[in-house]
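Descriptive structure summary
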Amino acid sequence: VPTSARLQRMELAVQAVREYASFVCFLPVHRATMLDLEALFPELRRRVAAATSCLSTAYEGLPRALAPPSRGAFLEKSRQMLRQLDRSFSASSEALLLLRACSPRATLSGFEGWQSGDGRWLQVARLQVAAQALFPPSGLVAHEVQA
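This structure is a prediction, so every number in the text was calculated from the model and none was measured.

A few words on the overall build of the protein. Summing up its helical and strand segments, the protein has 6 helices and 0 strands in all. Listing every helix and strand of the protein by position from the N terminus yields α-α-α-α-α-α. When each of the 147 residues of the protein is scored for burial, the buried share is 16%. Restricting to contacts in the protein with at least 6 residues of sequence separation, those with at least 24 account for 56%. About 11200 Å² of surface is accessible on the protein, with carbon and sulfur atoms providing 63% of the total.

Okay, here's the thing in structure tokens:
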């Protein structure tokens, strides 16, 4: 067998090993994400909602003379947080259905395609840089822009 054919086979073998290694490294991430969406996030949501409801009920039950002046704002923030938890739970439930519908290999391929060929990846990667240019340091915290 000519040397060029051996080198070509070797390149194909190395490429296959790289693809397999990438998949093997990604598989635990796929499984962990499913565990997070199936079990951990619903439990976290349940606990946060229960604690928030308990605090809200306690604040609402305070006599007017004992209630802090910020009670109304606190109760509104509590309601907003519960609504946000519901929206987050709905989104994570939809994500879980989509994740279950595809294989880890398809998920990895989709991510790699998004990362290498889709312009949205560059927008996400540049978010922190754009935020630093547009906002003062206090604005980054206020708008929850994280690196």
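That shown, we press on.
The next thing to look at is the packing of aromatic side chains. Each aromatic ring pair is described using two quantities: the centre-to-centre distance and the angle formed by the ring planes. Summed over all chains, the structure comprises 2 aromatic pairs. Plain terms: the ring middles of Phe41 and Phe89 are 6.4 Å apart, the flat faces sit at 20° to each other, and that makes the pair stacked. In this pair, Phe41 is assigned in helix 1 (residues 3-61) and Phe89 in helix 2 (residues 71-101), connecting sequence segments 48 residues apart. Note on Phe41: relative accessible area 22%, which makes it partly exposed. A relative accessible area of 25% means that Phe89 is categorised as partly exposed. Measuring from centroid to centroid gives 4.2 Å for Tyr59 and Phe74, while their planes differ by 25°, and the two rings are stacked. Placement of the pair is Tyr59 in helix 1 and Phe74 in helix 2, with a sequence separation of 15 residues.

On the secondary structure map, Ser78 appears in helix 2. Within the local environment of Ser78, its side chain forms a polar contact with the side chain of Ser56, the two groups lying 3.3 Å apart. When neighbours within four sequence positions are excluded, Ser78 is seen to be in contact with Thr52 and Ser56.

Scoring rules and cut-offs
Residues numbered from 1 in each chain as written. Predicted model: local features only at pLDDT ≥ 70, side-chain atom pairs only at ≥ 80, totals over all residues. Heavy atoms only, no water. Helix = DSSP H or I, 4+ residues; strand = E, 2+ residues; numbered from the N terminus. Buried < 20%, exposed > 50% of the residue type's maximum accessible area, 1.4 Å probe, protein only. Contact = heavy atoms within 4.5 Å. Areas by Shrake-Rupley, 256 points an atom, 1.4 Å probe, with all protein chains shown as cover. Phe/Tyr/Trp six-rings, centres within 6.5 Å; stacked < 30°, edge-to-face > 60°. Polar contact = N/O pair within 3.5 Å; in protein donor to acceptor, adjacent residues only side chain to side chain.

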